[in-house]
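# A closer look at the structure
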Amino acid sequence: MVSQTMFSGPLPPPALFAHYEDVLPGAAERILALTEREQAHRHRFEADALHAEVRYSNLGMWLGAGVLIFVLIATCFCAYIGHGEVAIAIAGLGVAGVVGAFIRGKGSHRSDQSEKP
């Protein structure tokens, strides 16, 4: 006769848990401590990843704003010195870049949402 017991999750079922304690006194406490440390580590890792994602997003917004300001200054300068065609080209490329970034950003945000269960 063959018997097989399976479980899923970080902790074994109570009956099997008692057998661990019978075989090695203190094993149950060690298993619980290991599970608690692993959970704390996972929570800390997820919190760090979330903070990094927010910092990355904020950095992108500030850099984008800086580039847009530079484009506006360059456009105004070119228009001021009499190069209207160059000013229009710079402004058009700047606007196209900003619109493209918004489109890419919204598209990637939607795909991230669809991947999560």
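Preceding this paragraph is the structure being described.
Computed from a predicted model, the values in this text were never measured in an experiment.

Under the defined criterion, the tally for this structure stands at 1 salt bridge. Put simply, glutamate 38 and arginine 42 hold a salt bridge, and the shortest N to O gap is 3.7 Å. In this pair, glutamate 38 and arginine 42 both sit in helix 2 (residues 27-80), 4 residues apart, roughly one turn of the helix.

It is worth spelling out the side chain of threonine 35 at this point. Positionally, threonine 35 belongs in helix 2. The buried category is assigned to threonine 35, whose relative accessible area is 18%. Separated by 2.9 Å, the side chain of threonine 35 and the backbone oxygen of isoleucine 31 make a polar contact. Beyond its immediate sequence surroundings of up to four residues, threonine 35 is in contact with Pro10 and Leu11.

With that out of the way, let us pick up the side chain of threonine 75. Relative to the elements of secondary structure, threonine 75 occurs in helix 2. The residues contacting threonine 75, other than those within four sequence positions of it, are Ala87, Ile90 and Ala91.

Another aspect to go through is a nonpolar patch on the surface. Together, Phe77, Tyr80 and Ile81 make up a nonpolar patch on the protein surface, roughly 400 Å² of accessible area in all. If you trace the backbone, phenylalanine 77 turns up in helix 2.

A separate point is helix 2. Every α-helix winds through 3.6 residues per turn, so residues three or four apart in the chain are directed the same way. The end-to-end C-alpha distance of helix 2, which contains 54 residues, comes to 79 Å, matching closely the 80 Å that a straight helix rising 1.5 Å per residue would cover. Among all positions of helix 2, only Ala27, Ala28, Ile31, Thr35, Val71, Ala74, Thr75 and Cys78 are buried. Two residues or fewer past helix 2, glycine 82 is found with a positive phi of approximately 95°.

Cut-offs and rules
- Residues numbered from 1 in each chain as written.
- Predicted model: local features only at pLDDT ≥ 70, side-chain atom pairs only at ≥ 80, totals over all residues.
- Heavy atoms only, no water.
- Salt bridge = Lys/Arg side-chain N within 4 Å of Asp/Glu carboxyl O.
- Helix = DSSP H or I, 4+ residues; strand = E, 2+ residues; numbered from the N terminus.
- Buried < 20%, exposed > 50% of the residue type's maximum accessible area, 1.4 Å probe, protein only.
- Polar contact = N/O pair within 3.5 Å; in protein donor to acceptor, adjacent residues only side chain to side chain.
- Contact = heavy atoms within 4.5 Å.
- Patch = residues over 30% accessible without salt bridge, like charges linked within 9 Å, V, L, I, M, F, W, Y side chains within 5 Å.
- Areas by Shrake-Rupley, 256 points an atom, 1.4 Å probe, with all protein chains shown as cover.
- Expected span 1.5 Å × (residues − 1).

In short, the description is geometric, and any link to function would need to be established separately.
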